[in-house]
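# Residue-level structural notes
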Amino acid sequence: MAVEETMKVTVDKIIIINQEKQTTITIKPTPNLKTWIKRTIQEMKKHIQNQEPPPKTTNKAKCKTCYYKNICPP
């Protein structure tokens, strides 16, 4: 979305490279994905402005791979 806005082009695929695992993921940027991204960014801004952490996930499987698992409050 940033590339589209800055460069005034249409992006038809997104490639995410994970150097640690040496894997790549290709994603098609759909209108639904863009809407989800905008909503997520708005929620993040709200938490930053209010200086409050976001709610904890109810999916504990996510915690196993989370970068912040060792410092996350109970």
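Below you will find a few notes about this structure. (Residues numbered from 1 in each chain as written. Predicted model: local features only at pLDDT ≥ 70, side-chain atom pairs only at ≥ 80, totals over all residues. Heavy atoms only, no water.)

## Description of the overall build of the protein
Scanning the protein from terminus to terminus reveals three helices and two strands. Its helices and strands in sequence order give the protein the pattern α-β-β-α-α, from N to C terminus. Taking 74 residues into account, the globule formula puts the C-alpha radius of gyration at 11 Å, and the protein, at 16 Å, lies well above it. By its C-alpha atoms, the protein is 45 × 35 × 20 Å across when sized along the principal axes. Across the 74 residues that make up the protein, the buried fraction comes to 4%. Intrachain contacts of the protein at a sequence separation of at least 6 include 11% that bridge at least 24 residues. Looking at the protein as shown, the accessible area adds up to about 7,400 Å², and 58% of this sits on carbon and sulfur atoms. Distance between charge centroids for the protein: 6 Å, based on 14 positive and 6 negative side chains. (Helix = DSSP H or I, 4+ residues; strand = E, 2+ residues; numbered from the N terminus. Rg over C-alpha atoms; globule rule 2.2 N^0.38 Å. Buried < 20%, exposed > 50% of the residue type's maximum accessible area, 1.4 Å probe, protein only. Contact = heavy atoms within 4.5 Å. Areas by Shrake-Rupley, 256 points an atom, 1.4 Å probe, with all protein chains shown as cover. Lys, Arg positive; Asp, Glu negative; His and termini not counted. Charge placed at Lys NZ, Arg CZ, Asp CG, Glu CD.)

## Looking at the pattern of salt bridges
In the structure shown here, the tally under the stated rule is one salt bridge. Residues Lys34 and Glu4 are paired through a salt bridge, measuring 2.8 Å at the closest nitrogen-oxygen approach. Of this pair, Lys34 sits in helix α2 (residues 31-49) while Glu4 sits in helix α1 (residues 2-7), and the two are 30 residues apart along the sequence. Judged by relative accessible area, Glu4 falls into the buried class, the value being 17%. (Salt bridge = Lys/Arg side-chain N within 4 Å of Asp/Glu carboxyl O.)

## Some remarks on α2
Across its 19 residues, α2 extends 27 Å between first and last C-alpha, which sits within 8% of the 27 Å expected from 1.5 Å per residue. Positive backbone phi, approximately 50°, marks Gln51, located one or two places after α2. (Expected span 1.5 Å × (residues − 1).)

## What about unusual backbone geometry?
One non-glycine residue, Lys8, lies in positive phi territory at about 55°. Under the relative-accessibility criterion, Lys8 is labelled exposed at 69%. Within the chain, Gln22 stands out as a residue other than glycine whose phi angle is a positive 55°. Along the polypeptide, Gln22 turns up in the loop between β1 (14-18) and β2 (23-27). For Gln22, a relative accessible area of 73% corresponds to the exposed category.

## Section: the environment of Asn18
The residue Asn18 is located in strand β1 in this model. Polar side-chain contacts of Asn18 include one of 3.0 Å to the backbone nitrogen of Glu20. (Polar contact = N/O pair within 3.5 Å; in protein donor to acceptor, adjacent residues only side chain to side chain.)

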